[in-house]
Amino acid sequence: MPPRLSPLLRTLPTTSTSSSSSSATPMARSIARATPLFLHPARTTVAFFHGHSSPSNVAFVSCRSDESRLMTSSVFGQRFRALCGREEERVLRPLRNVSAAAQRGYRKVRRRAAKRKEKELELNVSICIEDELPDDPEISSIAELLRLNAPMLMKSAFDSLKDSEYKTRDTAIEDIGGFGSIELSILLCNDEFIRKLNKEWRDEDHATDVLSMSQHVPELKLPILMLGDIVISVETAARQAAERGHSLLDEIRILMVHGLLHLLGFDHEISEEAEEEMEKEEENLLKSLEWKGKGLIQSAYDSENNSNLNIENPDDRKKEGSLRFYKPKFSYIFCDMDGTLLNSKSQITLTTAKALKEALSRGVKVVIATGKTRPAAIDALKMVDLAGRDGIISESSPGVFLQGLLVYGRQGREIFRRNLESDVCKEAFMYSWEHKVPLIAFSEDRCLTLFDHPLVDSLHTVYQEPKAEVMPSVQDLLAAAEIQKLIFLDTAEGVASTLRPYWSEATKDRAHVVQAVPDMLEIVPPGTSKGSGIKILLDHLGVTAKEIMAIGDGENDIEMLELASLGIALSNGAGKTKAVANVIGASNDEDGVADAIYRYAF
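Per an unreviewed UniProt entry, the chain is named Haloacid dehalogenase-like hydrolase family protein, and its organism is Acer negundo. What UniProt records for the chain under Cofactor (unreviewed entry) is the sentence "Zn(2+)". Looking at the Sequence similarities (unreviewed entry) heading of the UniProt record, one finds this comment for the chain: "Belongs to the endoribonuclease YbeY family."

Caption draft 1: Broad picture of unusual backbone geometry. A positive phi angle, near 60 degrees, is found at Glu-290, a position not held by glycine. Checked against the element boundaries, Glu-290 lands in the loop between helix H6 (272-288) and helix H7 (296-309). Take Glu-290: its relative accessible area is 51%, and that puts it in the exposed class. For Leu-402, which is not a glycine, the phi torsion comes out positive at approximately 50 degrees. When you line up the elements, Leu-402 lands in the loop between strand S13 (399-401) and strand S14 (406-408). Judged by relative accessible area, which is 0%, Leu-402 ranks as buried.

Caption draft 2: Representation of helix H2 (residues 137-161) within the structure. The first and last C-alpha atoms of H2 sit 36 Å apart over 25 residues, in line with the 36 Å expected at 1.5 Å per residue. Of all the bends found along H2, the most pronounced is centred on Arg-147 and spans about 35 degrees, while Pro-151, a proline, follows it within four residues. With a side-chain oxygen positioned 2.8 Å from the backbone nitrogen of Glu-138, the residue opening H2 is Asp-136.

Caption draft 3: Molecular detail of the sheet that holds strand S12 (residues 365-368). Read across the sheet, five strands follow the order S12-S11-S22-S23-S24 without closing on themselves; strand pairing throughout is parallel. Since the sheet does not close on itself, it has two edges, and those belong to S12 and strand S24 (583-585), each with one partner. In this sheet, adjacent strand axes meet at a mean angle of 25 degrees when their direction is disregarded. Where strand S23 (residues 566-570) and S24 come together, three bridges link them in parallel fashion. Each residue of the ladder has a partner; that of Ala-569, found in S24, is Ile-584.

Caption draft 4: Representation of the packing of helix H9 (residues 350-361) against helix H18 (residues 592-600) in the model. Packing of H9 against H18 brings their axes to within 8 Å, and their N-to-C directions diverge by 35 degrees. In terms of crossing hand, the pair formed by H9 and H18 is left-handed. Contact residues: H9 offers Thr-351, Thr-352, Lys-354, Ala-355, Leu-356, Glu-358 and Ala-359, while H18 offers Val-593, Ala-594, Ile-597 and Tyr-598. Here the contact of H9 with H18 is composed, by residue class, of seven nonpolar, two polar and two charged.

What counts and how
- Residues numbered from 1 in each chain as written.
- Predicted model: local features only at pLDDT ≥ 70, side-chain atom pairs only at ≥ 80, totals over all residues.
- Heavy atoms only, no water.
- UniProt positions renumbered as here; feature names shortened; annotations may be inferred.
- Helix = DSSP H or I, 4+ residues; strand = E, 2+ residues; numbered from the N terminus.
- Buried < 20%, exposed > 50% of the residue type's maximum accessible area, 1.4 Å probe, protein only.
- Expected span 1.5 Å × (residues − 1).
- Bend = angle between axes of the 7 residues up to and from the residue.
- Polar contact = N/O pair within 3.5 Å; in protein donor to acceptor, adjacent residues only side chain to side chain.
- Pairing = 2+ DSSP bridges.
- Axes fitted to C-alpha atoms, helices over the stretch in contact; angles between N-to-C directions.
- Left-handed = near helix turned anticlockwise from the far one by under 90°.
- Contact = heavy atoms within 4.5 Å.
- Nonpolar A, V, L, I, M, F, W, Y, C, P; charged D, E, K, R; others polar.

Structure below.
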């Protein structure tokens, strides 16, 4: 094996990747850095004594800092929260798997302390949380546990190095007896942070689960063994934990084991023999500490085998319940209802409702953009507890309704309204009466028609629209209210073969025809659309199109998808709509909105 070079002289190592169950996820990489990482964190100090293979007690000493403190890294240029216990906390905790002989040996040392002075070695472990991670109780709890787990892992790993003959390990770190203290930092971060490290130090622009960054320089012969830094992405760890069927804590412990072994000279990349040695050492450490899960190398093999069975399931969909580890990519999600949020039974499934609630909990604002009236949208979302002040729609929330002809802004106040020309309305109702084709006029929160019909009733019973009021004549109907849009109801064949060709020609520049669903033809004012309504709302809210993601299916969603930074058309959508979308998602009967949120919103 070539001699170990100073970090000032070494180049970055070559890399390889290992696939997870749904994507290739590179494992830990050991990176020697020329610049030390000055975190100034709170430390967990662990003292044990040389001369005994398994000392019976370890002292955990906490520092005098605040409970959660910010610090700045000179290398990362970021701020971190460091964990630190209370000043008065000083307890003795026994290590696991301590043999009776070792305990007796320790008592013997205590009785003969006056005659035998043992050299004390301190393990200084810094546990840090990158500031972009959410202030999540589970992350804080795991970090607290790592304060205890990391020194135990270090002790077990150092014991394994004694009298062991490794054929591939870099032996730059061999006899720890020559050091007065050993320092290690562990940083929990998000995918974006570890991606930037990979790009800067390895010239690879992607996230990994763990990185090992060595600070040990053998030539300096320092009294302190600076092992370096283990950087763990909580986001990737959460995905892998879900895939592998264990807890996030289990996965982070596995990554910590893998990262520490890299710092101690193991490298699974250099040869098959080296990989086999490192894999065996991972399993030994996990077993000795009674930690759950397989080693990272073995887990990666298992995941690769699983992914080969399901190649068409890329891991860009975040797992349910893990969104809190992700930073939202968008401030707003604009979502259509019929054919999108609602399935073919005009229902919102519990899976979709759960995804919407998770998005809301992470600070993403969901805004309805629909051809429906506001009362119909509220009624549909009320069924899954998403209407009201804490939901995504209410009479005091923003929204785009009636194909963008009614727009409500802050506090639910009307900021835009566009009406259809009365001449167009009169002609349409005369046609409806003569041909007995049901026609509905939409006027804000009201629906008006000339006669009863089963299709008119279905608009209320199936689509939750206000029950249509039957007017005695065309003149009475036109005098009753201002009309924003009209909808003809017929079979899909009747709309396509008769109604659409006729009214496309009859309205010309006076109106525009559009379809949200196959068996309805809508007539709206010219130059209007959901997209134009959303643009008005964005200007009102001071939001840019770059901050929004939009999900739809019909031709009436085309302008909305074109406006958004990411436009997603569900697979059940119209061909023209899918042609302009950035992404084609799952269908509305396959929880397409939920899938889009888990896959693209974070």
